[in-house]
Amino acid sequence: MSSLARDIKAQIEAKGPMRFDDFMRVALFDPKAGYYTQNPVFGAAGDFITAPEISQMFGEMIGLAFAQYWQDIGAPETLCLSELGPGRGVMMVDILRTLGRIPRFLKSANIVLIEKSPLRQAEQANALDGFEITWANDPSEWPQTPLFCVANEFFDALPLRQFKRTQTAWRERHVGLVGGMLNTYWQPSKGHADLEARMGDTQEGDIVEVCDDARKITAQIGDHISTHGGLALIIDYGDWHSLGDTVQAVHRHRTSQIFENIGQSDITAHVDFEAIAHSAGCAFTRLCPQGVFLERLGITTRAQKLAQNLEGDALEEHIAAHRRLTHPDEMGALFKVLALYQEGQPVPVGLQDD
Ligand code: SAH
């Protein structure tokens, strides 16, 4: 048993069962042994590979979307370029390289990263050596200027609560001890303000997930955009309307039991884009599959251009990476893109309705 599992057990013995979001917060962010506070978690050597780690083309397309939107809203002279949860900083490197073709954009930009883990911050500083970067705790610390922000696989890592419906009320998932072992069970609950609206579209036994952190952060992003303008691109796996238990743990590229490798496995859940869009309070686009978004931004043309300099295994890998990012059987349909923007401003490129 990991030291973190022992700590959690001791805490439950002393204080009683823990809400699931509190468990997830400790498992992912305990300062000494939490998953994201440790090393390494990303890439082939870690536990999972994210889109920016698959190919440079992903970050390049985000850079292009920012460049286009900057022009669409009249090329503001100061702006905040931000990423939420940048991991190893790989995507921001690709975004900045792409934006390098528009020196006026880069000259106007304050780069602000929002990252909770000190170890990840150190990796990001290393990857972005040569750029002037600052870190912020949350969006309320952004400079008061138009925003160009991206969050890839950030919202899926935020701790969430789970509720199970009875005939007339809700029970909440808790982590406790059953026969001395960590286990989850459902306890009577006062519910949550969001659940009232869900009585209409759920039945007894249905599970609904609620992520308060996601709501809080998107409300901050939305406030910023409503006041200062700009664009936030939110990319993650999930859907418009959440229903069911979507929590999963991944350890070394394999699905794992939630309590098996606490502190060594990633715990995530599907993102409820509807909740995000509605808490932002600014304009939002329709939800778009990642593959469609990348195609509209020209990823295939870019892939062909890069392929000209490749051969053998490198070429095969490049073709596979393009497929992995865009094909509906791979990440192309599971992952979705939602943009937040200012009411009355143009709809961001790649996300217009057909
Ligand atoms: N965007 C990266 C990494 C995704 S993993 C990629 O696509 O590769 C999630 C990242 O979000 C990690 O860097 C994690 O440390 C960070 N993170 C999670 N919750 C956070 C929070 N509440 N505040 C700041 N950073 C957070």
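Refer to the structure presented above.
Scope of this entry: the structure provided in the associated data block. (Residues numbered from 1 in each chain as written. Predicted model: local features only at pLDDT ≥ 70, side-chain atom pairs only at ≥ 80, totals over all residues. Heavy atoms only, no water.)

**Some details on the site of the ligand**
Looking at the ligand, there are 18 residues lining it, with Thr-50, Gly-85, Glu-115, Lys-116 and Asn-152 nearest. Here Gly-87 contributes a backbone N or O atom positioned 3.3 Å from an oxygen atom of the ligand. Here Glu-115 contributes a side-chain N or O atom positioned 2.6 Å from an oxygen atom of the ligand. Within the complex, the protein chains bury 96% of what would otherwise be the 570 Å² of accessible surface of the ligand. (Near = heavy atom within 4 Å. Polar contact = N/O pair within 3.5 Å; in protein donor to acceptor, adjacent residues only side chain to side chain. Areas by Shrake-Rupley, 256 points an atom, 1.4 Å probe, with all protein chains shown as cover.)

**Some remarks on the sheet that holds strand S12 (residues 254–256)**
Reading across the sheet, the three strands line up as S12-S11-S13 and stay open at both edges, with antiparallel pairing between neighbours. Two strands in the sheet have a free side with no partner beyond their single neighbour: S12 and strand S13 (266–268). Direction aside, the axes of adjacent strands within the sheet are offset by 40° on average. One ladder, built from three bridges, connects strand S11 (residues 248–251) with S12; its direction is antiparallel. Looking across to S12, one finds that His-251 is bridged to Arg-254. (Pairing = 2+ DSSP bridges. Helix = DSSP H or I, 4+ residues; strand = E, 2+ residues; numbered from the N terminus. Axes fitted to C-alpha atoms, helices over the stretch in contact; angles between N-to-C directions.)

**Quick word on the environment of Ser-226**
Here Ser-226 lies in helix H8 (residues 212–228). Look at Ser-226 and you get partly exposed, because its relative accessible area is 37%. In this structure the C-alpha to C-alpha distance between Ser-226 and Gly-85, which are 141 residues apart in sequence, comes to 22 Å. Among residues more than four places away in sequence, those in contact with Ser-226 are Gly-281, Cys-282 and Gln-342. (Buried < 20%, exposed > 50% of the residue type's maximum accessible area, 1.4 Å probe, protein only. Contact = heavy atoms within 4.5 Å.)

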